[in-house]
Amino acid sequence: MNELLETLKITKTTHPKEKPDPAALGFGQVFTDHMFLLDYDEGQGWHDPVIVPYGPIPLEPAAAVFHYAQEMFEGLKTYISADGDGLRLFRPDMNAKRTNQTNARICIPLIDEEIYVGAIKALIGMDRDWAPDYPGTSLYIRPFIIATESFLGVRSSNSFKFIIILSPSGPYYKGGLTPTKIYVEDNYVRSAEGLTGDAKIGGNYVIGLKAQACAHEKGYDQVLWLDGKERRYVEEIGTSNAFFVIDGEVYTAPLTGTILPGITRDSVLTILRDRDIPVREERFTIHEVYQAADEGRLSEVFAAGTAAVISPVGEMLWKDRHITINGGEIGSLSQELYDTITGIQSGYLPDTHGWTVKL
Ligand SMILES: *Cc1c(COP(=O)(O)O)cnc(C)c1O
């Protein structure tokens, strides 16, 4: 184990909470008995890892995170192994790497990837009996970092807290694999070249709330984001990566800085390439999508992300143009990708790429 983690101090809760009914779990509403904390101070680096009972964190009202949003987060899940021998993580090294890419973008000090994954494992070790064992459920892991320095000047904070909390969660979308209705947003944008679209930060989420609320008001589940400059190029669906199947080829936006490099996205692309299904990681326009739909060449649309894994799209509205995809039903490729990824995650299917980590 890493030297820093050898100094880990553990305080067990004296008031274990009652565990929720796994069949009735929502997403991100219930938290386990413990949390992990690690402090950073300039000159000292990351220091003093602890696991303590889950609870409020005292912060000064002037703490930088409250004013200038110097904050990042990650999201991954723990799955119960199909063979009944414990829990698995899915590609946690990728979350650690992405954390450092995000940190570099918003001036948060980098964190050793071994410590990062080790901290996740240590916390799950404490609360492993919180992992729900019911179809569609998982133990969701939320690592995040906040700027804690009490100072209102505008510059990077000189102190931070890295925190991990765990949440037993049900399916992200209550309807399971029911196709969603997507509103193509052509007014608000979430990203543009030079901005922070490829960093996993709360700031990217707050600027999307308004568009999401407007889409909900109109009866849509999520928005499809177009590029921030011309409102032409297809980027992401809500907070997940977007895929379009046109003429049997799978299109998704390239990683050129404006979209989040999803781990599910990478897993989807790897699986497609393994199966010799043609993949196009290139810019394409909403006009091309609609033209393909008009000509009967658009067979499937889906979103990919940790929370829902694969979420099929059944309908889209762009300006006044409404289209139905695959008769509003889940497509065969979406279903196959969902079954493959969730199968690898829980160990039903062979893990040929070494993606899962047994706990
Ligand atoms: C987290 C996130 C994704 C999905 O990434 P995964 O690693 O697959 O969970 C996609 N887009 C945005 C904007 C995100 O924040």
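No experiment lies behind these values; they were computed from the predicted model shown. (Residues numbered from 1 in each chain as written. Predicted model: local features only at pLDDT ≥ 70, side-chain atom pairs only at ≥ 80, totals over all residues. Heavy atoms only, no water.)

Colleague: Please set out the nonpolar core residue by residue, giving values where relevant.
Modeller: Core analysis: the biggest nonpolar cluster contains 36 residues, and Phe36, Leu38, Trp46, Ile120, Ile141, Phe162 and Ile164 have the highest contact counts within it. Looking at this core, the elements with two or more residues in it are helix 1 (3–6), strand 2 (34–41), strand 3 (45–53), strand 6 (87–90), helix 4 (113–127), strand 7 (138–147) and strand 8 (159–169). In terms of residue count, the dominant contributor to this core is helix 4 (eight residues). Leu224, Phe244, Ile286 and Val301 belong to the second largest nonpolar core, which has 23 residues in total. (Core = buried A, V, L, I, M, F, W, Y, C linked by side-chain atoms within 4.5 Å. Buried < 20%, exposed > 50% of the residue type's maximum accessible area, 1.4 Å probe, protein only. Helix = DSSP H or I, 4+ residues; strand = E, 2+ residues; numbered from the N terminus.)

Colleague: Give me the lowdown on the site of the ligand, citing residues and values where you can.
Modeller: Taken together, 14 residues sit near the ligand, with Lys200, Tyr205, Glu236, Thr264 and Thr306 positioned nearest. Note that a nitrogen atom of the ligand is positioned 2.5 Å from one of the side-chain N or O atoms of Glu236. Within the side chain of Thr264, a nitrogen or oxygen atom sits 2.7 Å from an oxygen atom of the ligand. Counting only elements with at least two residues in the shell around the ligand, the list comes to strand 12 (240–246) and helix 7 (263–274). Here the shell around the ligand is composed, by residue class, of three nonpolar, seven polar and four charged. (Near = heavy atom within 4 Å. Polar contact = N/O pair within 3.5 Å; in protein donor to acceptor, adjacent residues only side chain to side chain. Nonpolar A, V, L, I, M, F, W, Y, C, P; charged D, E, K, R; others polar.)

Colleague: I'd like to hear about the domain arrangement of the protein, residue by residue, with values.
Modeller: If you check the domain split of the protein, you get domain 1 (5–169) and domain 2 (180–346). Inter-centroid distance (C-alpha atoms) of domain 1 to domain 2 is 28 Å. With 22 residues of domain 1 at the interface, the matching set in domain 2 holds 20 residues. Carbon and sulfur atoms supply 60% of the area that domain 1 and domain 2 bury against each other, a total of about 1,800 Å² over both sides. If you sort the residues of domain 1 by the area they bury against domain 2, Phe73, Phe90 and Arg98 come out on top, with a joint share of 33%. (Domains from an automatic or database assignment. Contact = heavy atoms within 4.5 Å. Buried area = accessible area lost by both parts, 1.4 Å probe.)

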